[in-house]
Amino acid sequence: MAEKSGHDRSTDELRAEIASSRERVSRDLRGLHYELDFPAKFRRSFREQTVSWITAAAAVGALIALAPMRKKKIYVDAKSGHKTKKKLVETGFALAALKIAASLVRPVVVEFAKNRLIGMTGQSRRSSRE
């Protein structure tokens, strides 16, 4: 059935109903605030279960620290490894020979560049004097 309208109720009754409604809403809001206050929940949980929290933190820390220590194993055929070592030695000898050759050729290149540069500047000075 439909509710009766509030026309025949007294103002005191309406005020009492409004006050109880406000109290209900404020109580619900306090409950919602309590449920959504996660930092306070974590603090309370840590105070009540300190050992569990420290154990969990140590376990997570150990997992993070030990996870990168696992290495992937790579199996290499002995025959192909010998070929790789031989090529590595050949490359090393070639680089050493190239370094020696570069150190022997460097003075020649520097002297050539000097002569070329000085020769060009000397010619430009002569032409400007004339």
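Residues numbered from 1 in each chain as written. Predicted model: local features only at pLDDT ≥ 70, side-chain atom pairs only at ≥ 80, totals over all residues. Heavy atoms only, no water.

Undergrad: Which residues make up the overall build of the chain, and what values go with them?
TA: Regarding its fold elements, the chain presents four helices and zero strands. Starting at the N terminus and walking to the C terminus, you meet the elements of the chain as α-α-α-α. A total of 130 residues make up the chain; the buried ones form 2% of that total. Total accessible area on the chain is roughly 12,900 Å²; 64% of this is exposed by carbon and sulfur atoms. (Helix = DSSP H or I, 4+ residues; strand = E, 2+ residues; numbered from the N terminus. Buried < 20%, exposed > 50% of the residue type's maximum accessible area, 1.4 Å probe, protein only. Areas by Shrake-Rupley, 256 points an atom, 1.4 Å probe, with all protein chains shown as cover.)

Undergrad: Which residues make up the packing of helix 2 (residues 38-48) against helix 3 (residues 50-66), and what are the values?
TA: Running from amino to carboxyl end, helix 2 crosses helix 3 at an angle of 100 degrees, the nearest separation of the two axes being 5 Å. Viewed along their axes, helix 2 and helix 3 adopt a mutual orientation that is roughly perpendicular. Residues Phe42, Ser45, Phe46, Arg47 and Glu48 of helix 2 pack against Thr50, Trp53 and Ile54 of helix 3. Among the residues making up the contact of helix 2 with helix 3, the classes are represented as four nonpolar, two polar and two charged. (Axes fitted to C-alpha atoms, helices over the stretch in contact; angles between N-to-C directions. Parallel < 35°, antiparallel > 145°, perpendicular 65-115°, else oblique. Contact = heavy atoms within 4.5 Å. Nonpolar A, V, L, I, M, F, W, Y, C, P; charged D, E, K, R; others polar.)

Undergrad: Describe the pattern of salt bridges, listing the residues and the values that go with them.
TA: Tallied over the full model, the rule gives two salt bridges. For arginine 30, the salt bridge goes to glutamate 23, with nearest N and O atoms at 3.7 Å. Residue glutamate 23 is classed as partly exposed on the basis of its relative accessible area, which comes to 40%. Measuring nitrogen to oxygen at the nearest pair gives 3.5 Å for the salt bridge that ties lysine 41 to glutamate 35. For glutamate 35, a relative accessible area of 43% gives the class partly exposed. (Salt bridge = Lys/Arg side-chain N within 4 Å of Asp/Glu carboxyl O.)

Undergrad: For a nonpolar patch on the surface, give the residues involved together with the corresponding values.
TA: Together, Val25, Leu29, Leu32, Leu36, Phe38, Phe42, Phe46, Trp53 and Ile54 make up an exposed nonpolar region whose accessible area comes to about 900 Å². Broken down by secondary-structure element, the contributors of at least two residues to the nonpolar patch are helix 1 (11-36), helix 2 and helix 3. Within the element layout of this structure, valine 25 appears in helix 1. (Patch = residues over 30% accessible without salt bridge, like charges linked within 9 Å, V, L, I, M, F, W, Y side chains within 5 Å.)

Undergrad: Quick rundown of the packing of aromatic side chains? Include the residues and the values.
TA: Under the definition given, this model contains one aromatic pair. Ring geometry for phenylalanine 42 against tryptophan 53: centres 6.1 Å apart, planes inclined by 90 degrees, an arrangement best described as edge-to-face. Of this pair, phenylalanine 42 sits in helix 2 while tryptophan 53 sits in helix 3, and the two are eleven residues apart along the sequence. (Phe/Tyr/Trp six-rings, centres within 6.5 Å; stacked < 30°, edge-to-face > 60°.)

Undergrad: I'd like a rundown of the packing of helix 1 against helix 2, residues and numbers included.
TA: Direction vectors running N to C along helix 1 and helix 2 enclose 60 degrees, while the axes themselves pass 6 Å from each other. Taken as axis vectors, helix 1 and helix 2 run oblique relative to one another. Counting all contacts with helix 1, which are made through Tyr34, Glu35 and Leu36, the residues of helix 2 involved are Phe38, Lys41 and Arg44.

Undergrad: Let's hear about the confidence of the model for the chain: which residues, and what values?
TA: Considering every residue of the chain, the mean pLDDT works out to 81; 79% of them sit at 70 or more. Per-element confidence in the chain ranges from a low mean pLDDT of 77 for helix 4 (residues 78-129) to a high of 92 for helix 1. (pLDDT = per-residue confidence, 0-100.)

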